[in-house]
Amino acid sequence: MLPQLPIRRALFELSRLIQGGMGIGVSGWPLARAVASRGHLGVVSGTAIDAVLVRRLQDGDPAGELRRAMAHFPVSAIAEAVLERYFIPGGRDPKAPYRALTMHSHREQHAVQDLLVLASFVEVWLAREGHGGAVGINLLTKVQIPTVPSLFGAMLASVDCVLMGAGIPRDIPGILDTLADGRGVETQLELSGTGVAAPILRFDPTRFTTGDALVRPAFLAIVSSHVLATVLSRKATGTVDGFVVEAPSAGGHNAPPRGRPAVFDAIGQPIYGERDSVDLAALAALGLPFWLAGGVDTPELLRSAIEAGATGAQVGTLFAFCRESGMEPALRHQVIDLVRCGGVHVLTSSRASSTGYPFKVASVPGTLSEASVYAARERICDLGYLREAYVKPNGSIGYRCAAEPLDTYLAKGGSLEDTMGRTCLCNGLAATIGLGQVRPGGAIEPPIVTSGDGLAAIARVLGDREDYSAADVIAYLTAP
Ligand SMILES: Cc1cc2nc3c(=O)[nH]c(=O)nc-3n(C[C@H](O)[C@H](O)[C@H](O)COP(=O)(O)O)c2cc1C
């Protein structure tokens with residue numbers, strides 16, 4: 001029996017802390033569950049969630065959690081087909097590559113949508129298990145094709161809240177209303193060319209429903225300015241329930257500086273100015289709850305956020321390196337050790353992400369932050385979540401990514417300049433959570449670590465300990 005909507009809303013509206021959604025799989029269900037069970041909003045990342053599920057299944061699902069959640073999926077035939085195809089009892093031979101997934105495209109493919117719905121359901125179902133706290137899902141607006149099935153899978157598992165930034169999520173509130181009504185959704189794929197009508201992406205939820213009404217989750221838009229918050233509160237296709245206001249110091253992707261032309265420092269980092277500061281009074285005047293994100297990493301900063309009118313803060317970095325994080329343990333400990341000896345820097349790279357958004361990269365030996373590791377990696381695009389849709393000369397739709405092999409990208413009409421310094425975030429971030437693809441010859445994809453500018457703050461939570469938990473982060477930040 002689902003709790004009534006107003007009670008569930010209250011759960012998150014009172015949350016002092018939102019544990020930021022961190023893809024790929026850094027904020028998986030163990031972290032979100034640990035946070036939600038302590039009365040704050042735990043958020044799973046929905047980015048590349050289909051790849052995460054099938055790779056975990058190929059690694060044998062040692063504790064059986066995924067299979068336990070899959071057994072609750074309303075359409076058992078879909079869960080069984082996915083198990084049949086991907087589950088390897090005892091786990092894959094570590095030298096064997098993971099089975100490839102079909103890359104997403106606008107051509108309607110039931111199997112692709114089925115897997116997305118299932119994967120998102122599993123992640124949220126596990127995060128919600130065993131407590132009455134609130135759980136959210138985070139998706140990137142720019143990654144369009146998997147969005148609606150992923151949202152629907154999360155709703156089937158009764159997700160409390162959807163949080164989306166990295167783009168302008170104007171259409172999402174209306175989509176949530178439509179899905180809760182059990183109706184089909186049509187969205188238009190954005191194209192980076194002109195001259196042809198953009199293809200329509202279709203999703204029909206009736207194949208999955210059991211007839212029960214679905215609860216419409218709350219929607220929090222992640223924004224970098226009060227201007228965008230104002231526009232969304234007036235022009236979104238449905239109700240926006242609040243905002244996360246993210247500063248450029250936050251981990252992961254950042255909004256680019258406002259205004260043109262962009263200005264960079266001597267090492268190529270974008271320079272933010274006056275226009276990028278958020279008018280908190282204007283934001284508060286919208287009358288919706290908001291949380292500040294980016295460098296809110298001390299109890300004092302959390303208190304000042306609340307004094308400035310925020311309900312609390314969305315925190316990423318401190319949670320990204322705690323025990324329940326999805327980050328591969330040896331890599332996580334390597335970063336912790338580097339922080340202890342002051343040996344890690346965080347670069348705001350304007351080149352790394354093929355999306356063109358600035359992306360934070362921590363300098364960690366053996367990862368893609370090192371020029372030699374970057375240069376030694378063969379460019380491959382086989383996950384494809386960040387590909388852009390473009391119009392081919394013959395008018396049909398193609399897909400390309402500035403981090404894919406140069407020849408391929410240039411043949412698709414991409415520019416050489418665009419490829420410089422681009423990093424395959426899909427493969428790199430999968431490797432960061434221990435799901436790196438194995439290449440011919442046995443080499444495993446190198447990882448990439450992203451974090452906020454305030455990575456050094458994890459030392460304060462650690463104190464003299466070797467490791468820390470999500471509960472330690474919460475206790476530290478909410479200390480009186
Ligand atoms: C490892 C990592 C991955 C992240 N991935 C995402 C993501 O997939 N989507 C998103 O909206 N924000 C992402 N973020 C941003 C966080 O959700 C959060 O807003 C931010 O980290 C807050 O700033 P802080 O790192 O200074 O605490 C990520 C942050 C980190 C540290």
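Residues numbered from 1 in each chain as written. Predicted model: local features only at pLDDT ≥ 70, side-chain atom pairs only at ≥ 80, totals over all residues. Heavy atoms only, no water.

## Re the overall build of the chain
The helix and strand tally for the chain stands at 19 helices and 14 strands. Over its C-alpha trace the chain gives a radius of gyration of 21 Å, about what one expects of a compact globule, namely 23 Å for 480 residues. For the chain, the C-alpha atoms occupy an extent of roughly 55 × 55 × 50 Å along the three principal directions. Buried residues in the chain amount to 55% of all 480 residues. Expressed as a percentage of contacts within the chain between residues at least 6 apart in sequence, the contacts between residues at least 24 apart total 69%. (Helix = DSSP H or I, 4+ residues; strand = E, 2+ residues; numbered from the N terminus. Rg over C-alpha atoms; globule rule 2.2 N^0.38 Å. Buried < 20%, exposed > 50% of the residue type's maximum accessible area, 1.4 Å probe, protein only. Contact = heavy atoms within 4.5 Å.)

## Remarks on the site of the ligand
Around the ligand, the structure places 21 residues, and the nearest of them are Glu246, Gly295, Gln314, Gly316 and Thr317. Within the backbone of Gly295, an N or O atom sits 2.7 Å from an oxygen atom of the ligand. Within the side chain of Thr317, a nitrogen or oxygen atom sits 2.5 Å from an oxygen atom of the ligand. Considered on its own, the ligand offers 600 Å² of accessible surface; in the complex 94% of this is hidden by protein. Of all the secondary structure elements, the ones that give two or more residues to the shell around the ligand are strand E3 (135–140) and strand E10 (312–315). Broken down by class, the residue content of the shell around the ligand amounts to 6 nonpolar, 14 polar and 1 charged. (Near = heavy atom within 4 Å. Polar contact = N/O pair within 3.5 Å; in protein donor to acceptor, adjacent residues only side chain to side chain. Areas by Shrake-Rupley, 256 points an atom, 1.4 Å probe, with all protein chains shown as cover. Nonpolar A, V, L, I, M, F, W, Y, C, P; charged D, E, K, R; others polar.)

## Some words on the side chain of Ser354
Looking at the secondary structure, you find Ser354 in the loop between strand E11 (346–349) and strand E12 (359–362). Beyond its immediate chain neighbours, meaning those up to four positions away, Ser354 contacts Leu386, Cys401, Ala402, Ala403 and Arg422.

## A closer look at the packing of aromatic side chains
What the rule picks out here adds up to 5 aromatic pairs. A ring pair is formed by Phe73 and Phe208, whose centres lie 6.5 Å apart and whose planes are at 70°; its orientation type is edge-to-face. Of this pair, Phe73 sits in the loop between helix H4 (65–70) and helix H5 (76–86) while Phe208 sits in the loop between strand E6 (200–203) and strand E7 (218–223), and the two are 135 residues apart along the sequence. Of the two residues examined, Phe73 and Phe208, each falls in the buried class. Each ring, one from Phe152 and one from Phe208, has its centre 5.8 Å from the other, and the planes form 55°; the classification is tilted. Of this pair, Phe152 sits in helix H7 (residues 147–156) while Phe208 sits in the loop between E6 and E7, placing them 56 residues apart in sequence. (Phe/Tyr/Trp six-rings, centres within 6.5 Å; stacked < 30°, edge-to-face > 60°.)

## Considerations on the layout of surface pockets
Taken as a whole, the second largest pocket encloses approximately 900 Å³ of empty space. Lining of the second largest pocket is provided by 40 residues; of these, Thr141, Lys142, Val143, Gln144 and Glu190 occupy positions nearest its centre. Of all the secondary-structure elements, those providing two or more residues to the lining of the second largest pocket are H7, helix H8 (172–180), strand E5 (185–188), strand E13 (388–391) and strand E14 (397–400). Of the residues belonging to the lining of the second largest pocket, the class tally is 19 nonpolar, 12 polar and 9 charged. (1 Å grid on protein atoms, 1.4 Å probe; cavity = no way out; pocket = protein on both sides within 12 Å on 5 of 7 lines; lining within 4 Å. Points joined across faces, edges and corners; volume = space filled by probe spheres on them.)

## Examining the sheet that holds E7
Here 8 strands make up an open sheet; going across it, the order is E1-E10-E9-E8-E7-E4-E3-E2 and the pairing parallel. Two strands lie at the open edges of the sheet, namely strand E1 (17–19) and strand E2 (42–45), each paired on one side alone. Ignoring strand direction, the axes of neighbouring strands in this sheet form an average angle of 25°. Taken together, the 4 bridges between strand E8 (residues 242–246) and strand E9 (residues 290–293) define a ladder with parallel strand orientation. The residue bridging Glu246 from the neighbouring strand is Ala293, located in E9. (Pairing = 2+ DSSP bridges. Axes fitted to C-alpha atoms, helices over the stretch in contact; angles between N-to-C directions.)

## Focus: a nonpolar patch on the surface
Together, Leu406, Leu410, Leu416 and Met420 give the surface a local cluster of nonpolar side chains, amounting to about 330 Å² of exposed area. For Leu410, a relative accessible area of 37% puts it in the partly exposed group. (Patch = residues over 30% accessible without salt bridge, like charges linked within 9 Å, V, L, I, M, F, W, Y side chains within 5 Å. Salt bridge = Lys/Arg side-chain N within 4 Å of Asp/Glu carboxyl O.)

## Regarding H5
Every buried residue belonging to H5 is among Ile78, Ala79, Val82 and Tyr86, and all of these are buried. Down the axis of H5, the sector holding all buried residues measures 100°, keeping them to one side. Exposed residues lying more than 90 degrees from the buried face of H5 are Ala77, Glu80 and Glu84. Looking at the buried residues of H5, the elements they touch are helix H3 (49–58), H4 and helix H6 (110–128). (Arc of directions from axis to C-beta.)

## Concerning the environment of Lys235
Considering the arrangement of structural elements, one finds Lys235 in helix H9 (residues 226–235). Remark: the alpha-carbon pair of Lys235 and Gly326, spanning 91 residues in sequence, is separated by 36 Å.

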